[in-house]
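# Summary of structural features
As a plain string of letters, each chain reads:
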Amino acid sequence: MSKVKHIYKIDDIDGVKHPRYKYKNVDDRFVKTYQSVLAILLCLPDCSAKLIQYLSSKMSDENIVHHNKFTRENFNKYIYSVWLEYYKANKETESNAHELAKEKMYKDNTIKKAFSILVNKNLLVQKTRGMYIVNPEYFFKKGDEERYRKIKLTLEIIKGFDDITLGIEGEK
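Reading the values: the criteria
Residues numbered from 1 in each chain as written. Predicted model: local features only at pLDDT ≥ 70, side-chain atom pairs only at ≥ 80, totals over all residues. Heavy atoms only, no water. Buried < 20%, exposed > 50% of the residue type's maximum accessible area, 1.4 Å probe, protein only. Helix = DSSP H or I, 4+ residues; strand = E, 2+ residues; numbered from the N terminus. Pairing = 2+ DSSP bridges. Contact = heavy atoms within 4.5 Å.

### Structural notes on unusual backbone geometry
- Residues other than glycine seldom take positive phi values, yet Lys91 does so here, at roughly 65°.
- Judged by its relative accessible area of 74%, Lys91 falls in the exposed class.
- Phi at Asn122 takes a positive value of approximately 65°, unusual for a residue other than glycine.
- Of note, Asn122 is situated in the loop between α5 (108-120) and β5 (124-128).
- Since its relative accessible area comes to 28%, Asn122 is described here as partly exposed.

Here it is in structure tokens:
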């Protein structure tokens, strides 16, 4: 978290203006989302679109995510918490907000199907059983040089070259 100092009010004292400042906490974590994925995201089913956004925010620095019960449960907890906050902010009663948020959660089979859709759309690339790479062509946390290296490795995994290292002189 970073803090941004900003003027929130100006006091006028005897004709002299005095600014008052506040600090705003700003989240400085990020994931780059590249334009080439935007049309794909628009056409995804609801659960799949939310799942890839969630996974890209939780992926490791190497773009690795896991497909297991723990990940699916945490995704549903995230969905629940976002909707609960939304309903509370919109003045729903406490019990009603909880019920409405629960209705937004997904069945486990729906989340499993969403994983399959993301693989079919090449947004996730299976590395091993239960381990996936969030395609760095579309989502990435680091700089461009590292991204290009990761795209190359991901393309090689797709082609079945994941167990060998190719060293071609002069290759970028």
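### Looking at the pairing of strand β1 (residues 2-13)
- In the sheet, β1 pairs with strand β2 (residues 16-26) via eleven bridges, with the strands oriented antiparallel. Considered in β2, the bridge of Ser2 is made with Val26.
- Between β1 and β2, which pair antiparallel in sequence order, lie two residues; one of them, Asp14, sits at a positive phi of approximately 55°.

### Thoughts on the environment of Lys150
- Relative to the helices and strands, Lys150 is located in helix α6 (residues 144-158).
- The exposure class of Lys150 is buried, given its relative accessible area of 6%.
- For the pair Lys150 and Ile133, spaced 17 residues apart in sequence, the C-alpha to C-alpha distance is 9.7 Å.
- Ignoring sequence-local partners within four residues, the contact set of Lys150 consists of Glu62, Asn63, Ile133, Pro136 and Phe140.

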